[in-house]
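# Residue-level structural notes
The chain contents come next:
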Amino acid sequence: MKFLRKQLDRIKPHFHKGGRFSAFQSVFEGFETFMFVPDTVTSKGSHVRDPIDLKRSMFMVIIALMPALIFGCYNIGLQHFRAYGPVLSGLDGSLPGLFWFGLLRVLPLIVVSYGVGLGIEFFTAQKRGHEINEGFLVSGMLIPLIVPVDIPLWMLAIATAFAVIIGKEVFGGTGMNILNPALTARAFLFFSYPAWMSGDKVWIKGMMTNPDVIDGFSGATPLALAAANETGSMPSAMEMFIGTIPGSVGETSTVAILIGALILLATGIGSWKIMLSVTLGGLGMGLLMNLVAVNPYMEMPAYYHLISGGFAFGTVFMATDPVTATQTERGKWIYGFLIGVLAVLIRVLNPAYPEGMMLAILLMNVFAPLIDHYIVQANIRRRLKRASVQKAY
Amino acid sequence: MSEIIRFKKGLNIKLKGAAEKILIPGTPAGRYAVKPIDFPGLVPKLLVKPGDEVKAGSSLFFDKNAAEIKFASPVSGKVVDVVRGERRRILEVIIEEQGREYVNFGAAKPDSLSAEEIKARLLDSGLWPVIRQRPYHIVAIPGQEPKSIFISGFDTSPLAPDYDFVMHNSDMKEFQLGIDVLGRLTNGKVNLVLDATNISGSVMRGVNGVVTHYVKGPHPAGNVGVQIHHIDPVNKGEVVWYVNLQDVSAIGRLFSEGVYRHDRIIALAGSEVLKPSYHRIRSGASISSTITGNIRPGDVRYISGNVLTGTTVTDKGFLGFYDNMITVIPEGKYHEFFGWISPGFSKFSFTRAFGSSILPRKEYVLDTNMHGGERAFVLTGMYEKVLPMDIYPMQLLKSILVNDIDMMENLGIYEVAEEDFALCEYICPSKIEIQALIRKGLDLMIREMN
């Protein structure tokens, strides 16, 4: 490590202004600060600083995503095995085998997502003369987890590029964006290539090209079944909670996501207010649907909404994105609650889309500044009122 | 007894090296300095030049924007140097101590003087700058009348001196006289804010002529700005004055003895101090005689003031005008290998993202490393947790970034000072220089409003 440091110090001048590789300064600094926390000391203001930085915060989110990723890999193997049986799939159904199968299918998604996203980040950071912002470390992991496993890599690449450039960089980069970049990528895919983003086949590896599955197997997600009012053929609540159901790579297992949620809450990186209020909103709306139910979907137990589709994943990892959520604490309650309400509303009442979480979060991302505006205005009014009350003495 | 004001928000940074309750009589410092940079917004106009003889209380310079505000030599002796920085900005006026001569401003009972006479006496003696004001956290403008005056009777900042111990070793008669003087300067109340955790033990309980408030909570509960916000908030067009606790005694001294003797008891603290203790010292004194032989070897930073708001000085530097402590901590100029993924059992953090939140220690050694590079605002809801005010910190900071005067005013810029945001700066994961930003906003407001 001393050796490494020495080598870095040796080549560093080449990357500074006027150096041979000054065009790659941001990239170099990105890698250098990745390996070594910079040796800068405080020059003004507080002399001591909290050891927390964005790298650490983002890293905590990555760790929190690991259970969902690991389970996702296993589940891809499992779904493939269920669809094609031992002969066609070549799997023996053992846990390591299933996991390995899934991992090999998910890794390319991760590589493409990070490769494209970080490439653009590096480029823009260099153009702007900034340090590389860590925001994409999380987005780059989120994107593979919210797409169907069979998505062609070139589509994923285009969607990632769209999300990073249009969703984030045009607004000024990490911290300035209105929409959650990962969901922007998903929305792009959803509206550009709907055939690859919905239906009964995309969730199972290989099913788009080879639909010869075992008799009786359906690749339909629980929500697709519910939307078709076939609630009777939905998997059991336990299955949905554990996550052995078709769905996007990382979204199926509520239990794995809950472990992630615990990590986010224990470290204080994720907002418990948002997580709780989204859940309450979804549950509340689900109960309301039960009350006025006219079809089997509306009669579906309200808590099914929480364990199906992307609800849990969106609640824990998407709605809590601090940049695109409301920035006031009071606003987070409203923002989260409306996400839950809208997600269930879109699911149940919109005939076109079986899933509503993505659109609900994106919609509330857009409204977050408005919510903040009213919360801040209330603060301003309190201050003005205080002044006039005192004058009245 | 008035009710206790409780704060939940805030953070006590558990630093190693708190001062033991031993008072060491001051050793002669030899050199003293008055530093115009201690007074934000001040444009100093020099009245002396190197070689001039001065007495304690002789004016060294005045404020170009308010000529009646003078700044005095803390000791008698000779002006030896005027240190200038960039664009010839005056940084320090250095005096070498010779003899013990004081300018005599004459002892007087505050009751026998009019408010104007009291003001004139404070201004002439150079003691006026101990009175500061909100809005803007600057030296009080003499022409205005404050709606109230505040004195914080405790300091919650890291390793701060215990004011009960300090006052126990101070002349309470001088303090009382200082209070009497301040009482003549306002038609409102003089508020003394005490630590609710030590109500019975406080020697300041028996002070007359004040309204006593009790406050409980982590830092910044001791910050006068936070106290004002909750007790008598500053609205647009209003002014509140405040004085550091020990400076009240200095005011008393001016009226009992007629001299400018700006002495105080400070804490010498920090992990790099061998024997942290209390010292009797004069404002502006060189810190070298205080620290000599008491510092661990190594690359250290000397801070006049606390680690959150203090000023970096050299080992021959001078105690700031308002500072009540000297802190010595290690410098942090090193590269940490993959430091951002280390378990961090020895790292003190406000967040729970480090091992130290599972196995907390009693105290930590903190150095001056930034622990990261500057980024845009990303995480939200953190600043609010360490700012016990009804103010939206991030929104206020953003309004300053875009120079939105109206919004700054609406969001409470009149009530804040950099020190109130010091903890926000400490915990900021994006490493934004928040205190400098707040000062930029305050400076902008001063320019716009005048």
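Provided above is the structure to which this section pertains.
In every chain, residue numbers begin from 1 and rise along the written sequence. Lettering for chains starts from A, numbering for ligands starts from 1, and both go in the order in which the items are written. For a predicted model such as this one, the threshold for reporting local features is a pLDDT of at least 70, and the threshold for listing and counting side-chain atom pairs is 80 or more; totals across whole chains, interfaces and linings nevertheless cover every residue. Remark: hydrogens and water are excluded; side-chain values derive from all non-hydrogen atoms of the structure.

### A short note on the nonpolar core
As used here, the term nonpolar core means buried Ala, Val, Leu, Ile, Met, Phe, Trp, Tyr and Cys residues forming a set that is joined through side-chain atoms within 4.5 Å. For every residue, the accessible area (1.4 Å probe, protein chains only) is compared with the maximum for its type, and the residue is labelled buried under 20%, exposed over 50%, or partly exposed between those bounds. If you look at the biggest cluster of nonpolar residues, it comprises 251 residues, and the most contacted ones within it are Phe313(A), Phe317(A), Tyr335(A), Leu122(B), Ile131(B) and Tyr383(B). Every helix listed is a DSSP run of H or I at least four residues long, and every strand listed is a run of E at least two residues long, numbered separately from the N terminus. Considering each element in turn, this core owes the most residues, 15 residues, to helix 3 (residues 54-89) of chain A. With residues near it in sequence (within four places) discarded, Phe317(A) still touches Val61(A), Ala64(A), Leu65(A), Leu142(A), Ile257(A), Gly260(A) and Leu264(A). Any pair of residues with heavy atoms lying within 4.5 Å of one another is described as a contacting pair.

### As for the sheet that holds strand 8 (residues 77-84) of chain B
All names here are of chain B. Read across the sheet, four strands follow the order 3-9-8-5 without closing on themselves; strand pairing throughout is antiparallel. Each edge of the open sheet carries a strand with a single partner, namely strand 3 (31-34) and strand 5 (53-54). Two strands pair if DSSP finds at least two bridges between them. Bridge analysis of strand 5 against strand 8 gives two bridges, and the strand direction is antiparallel. Counterpart to Glu53 in the pairing with strand 8 is Lys78.

### Quick notes on the pattern of salt bridges
Residues and elements named next belong to chain B. Salt bridge criterion: a side-chain nitrogen from Lys or Arg within 4 Å of a carboxyl oxygen from Asp or Glu. In this structure the tally under the stated criterion is 33 salt bridges over all chains. Its salt-bridge partner being Lys21, residue Asp162 comes within 2.8 Å of it at the nearest N-O pair. Of the two residues, Asp162 is situated in the loop between strand 12 (148-152) and helix 2 (163-168) and Lys21 in the loop between strand 1 (4-6) and strand 2 (23-24); the sequence distance between them amounts to 141 residues. Classification of Asp162 as partly exposed rests on a relative accessible area of 26%.

### Topic: the pairing of strand 15 (residues 240-243) of chain B
Residue and element names in this part refer to chain B. Residues of strand 15 alternate between two faces, with Val240 and Tyr242 on one and Trp241 and Val243 on the opposite face, all of them buried. Two elements, strand 10 (residues 131-134) and strand 15, share four bridges in a ladder whose sense is antiparallel. Its bridge partner being in strand 15, Gln133 is matched across the sheet by Trp241. In this sheet, strand 15 lies alongside strand 12 in parallel orientation, the contact comprising three bridges. Its bridge partner lying in strand 15, Ile149 is registered against Trp241.

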